[in-house]
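Residue-level structure breakdown
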Amino acid sequence: MHDLLPELQCWRERGLAIALATVVKTWGSSPRPAGAKMAVNAHGEMIGSVSGGCVESAVIEEARQVLQTGKPKLLAFGVSNEQAWEVGLACGGMIEIFVEKLEN
Amino acid sequence: MKKNIADFLLQAIETGEPVVLATIIRGAENEIGRHLLFRRDGSSQGDWGEATPVTLAQQQAMALFGQERGVTWRTGEREIFFESYFPPAKLIIVGAVHVAIPLVRFAKDLGYKVILVDPRHTFATEARFPHVEALVRRWPDEALAEIGIDANTAVVILTHDPKLDDPAIKYALSQAPAYLGVLGSRKTHEKRVQRLKHDGLTDEQLARLHAPIGLDIGGQTPAEIALSIMAEIVAVRRGALTITPRQ
């Protein structure tokens, strides 16, 4: 999160709504460990990452919904998940990502 | 995440205060996304409800302090994600020499807080080192004692000058840094070892020095040497390297 901090603070100062996505669980060979983070603002701008680029675009879509509803979501990506074939975790691992809104 | 928790968390990260955040990620719908943020002294703030297992969570959280990781924990219907926020690693560079310029940049990209020590005012200038956290223009042993060296600190000694290098090495060896490397050829290092032994340092202590410094990637330019040093620090800190690779 250290690396996201300057941008996050800047977004908050500008009063932008922010969704934070955190890898909470991994199975097998996943690209980033638990704790890896990305943030998405109301304009759809993104910082950080939760995988090697495999699932970020799907997470942005989910993050936009979380920003609208204010309700957190637990997402799963992996080989047993249909979405994984489309979104694609090429490494064969599985990850769970928690997406929540940061109140400002 | 409630505003007061987000404010607290971001401020803790900024100031380097270690904290553990516990988030309910599975369970009753009205509990999902609730947080409890623990400080080192065990105190906490957050919006977990009355029925939540706060005491158990506190025990889990306290065990995570000082580690840089996240774990999930299941209790009954609930699943809780604990994440430990740890202050960034510190890199102290002694010697504001040419190699230090790219080294500061690489270290900064890797998330290190970089402090540069050199009593020579012509070398240690803000113009040459705009990205450092602090420039300390004092004698190395005094400077290192003031900055402080802990298990989250890497120390790199680059001046090439025994007058400056030796006091820095002696002080650093009296502490327990995560990494201690010294620039200089094999020959220079042999002479250095003789000098330091003469001054009373033991073989055991001197074996903790990474010298010649850096992974052997055939580096020639200052930037390439800085890269080899940074790679060695990462390898040591991540447990991929436990002894000096160049024999």
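First, a word on what this report is: a plain description of the structure on this page.

Parameters at a glance
- Residues numbered from 1 in each chain as written.
- Chains lettered and ligands numbered in written order.
- Predicted model: local features only at pLDDT ≥ 70, side-chain atom pairs only at ≥ 80, totals over all residues.
- Heavy atoms only, no water.
- Contact = heavy atoms within 4.5 Å.
- Buried area = accessible area lost by both parts, 1.4 Å probe.
- Salt bridge = Lys/Arg side-chain N within 4 Å of Asp/Glu carboxyl O.
- Polar contact = N/O pair within 3.5 Å; in protein donor to acceptor, adjacent residues only side chain to side chain.
- Helix = DSSP H or I, 4+ residues; strand = E, 2+ residues; numbered from the N terminus.
- Nonpolar A, V, L, I, M, F, W, Y, C, P; charged D, E, K, R; others polar.
- Pairing = 2+ DSSP bridges.
- Axes fitted to C-alpha atoms, helices over the stretch in contact; angles between N-to-C directions.
- Parallel < 35°, antiparallel > 145°, perpendicular 65-115°, else oblique.
- Left-handed = near helix turned anticlockwise from the far one by under 90°.

**Here we look at the interface of chain B and chain A**
If you look at the interface, chain B gives 26 residues, while chain A gives 23 residues. Between chain B and chain A, roughly 2000 Å² of surface is buried when both sides are summed, and carbon and sulfur atoms account for 59% of that area. Where chain B packs against chain A, one counts 5 salt bridges. With a closest N to O distance of 2.7 Å, E79(B) and K25(A) form a salt bridge. Connecting chain B to chain A are 11 residue pairs in polar contact (both at pLDDT 80 or more). Of all elements in the fold, only α1 (3-15), β1 (19-26), β4 (70-75) and β5 (78-85) of chain B reach the threshold of two or more residues within the side of chain B that touches chain A. Sort the elements by how many residues they give to the side of chain B that touches chain A and α1(B) lands first, with 7 residues. Looking at side-chain class alone, the side of chain B that touches chain A contains 13 nonpolar, 5 polar and 8 charged residues.

**So, the sheet that holds strand β2 (residues 35-39) of chain B**
All names here are of chain B. Ordered by their spatial adjacency, 5 strands build an open sheet running β3-β2-β1-β5-β4, and the pairing between neighbours is antiparallel. Edge strands, defined here as strands with exactly one partner in the open sheet, are β3 (44-46) and β4. Taken over all neighbouring pairs, the strand axes of this sheet differ in orientation by 20 degrees on average, direction set aside. Along the sheet face, helix α2 (residues 54-64) touches β1, β2, β4 and β5 and points at about 50 degrees away from the line of β2.

**What to know about the sheet that holds strand β4 (residues 73-77) of chain A**
All names here are of chain A. What the 5 strands build is an open sheet, ordered β3-β2-β1-β5-β4; its pairing is antiparallel. With partners counted over all chains shown, the strands left at the sheet margins are β3 (46-48) and β4, one partner each. Strand after strand, the sheet turns through a mean of 20 degrees between neighbouring axes, direction not considered. As judged from the 5 bridges shared by strand β1 (residues 18-27) and strand β2 (residues 37-41), these two strands associate in the antiparallel manner. Note on β2: the bridge partner recorded for A19 is V40.

**Structural notes on the packing of helix α5 (residues 162-173) of chain B against helix α6 (residues 186-198) of chain B**
Residue and element names in this part refer to chain B. Their axes nearest at 11 Å, the elements α5 and α6 cross at an angle of 60 degrees. Put simply, α5 runs oblique to α6. Considering how the two elements wind past one another, α5 and α6 form a crossing that is right-handed. Residues P162, D165, D166, I169 and K170 of α5 pack against R192, R195 and L196 of α6. Partitioned by chemical class, the residues of the contact of α5 with α6 number 3 nonpolar, no polar and 5 charged.

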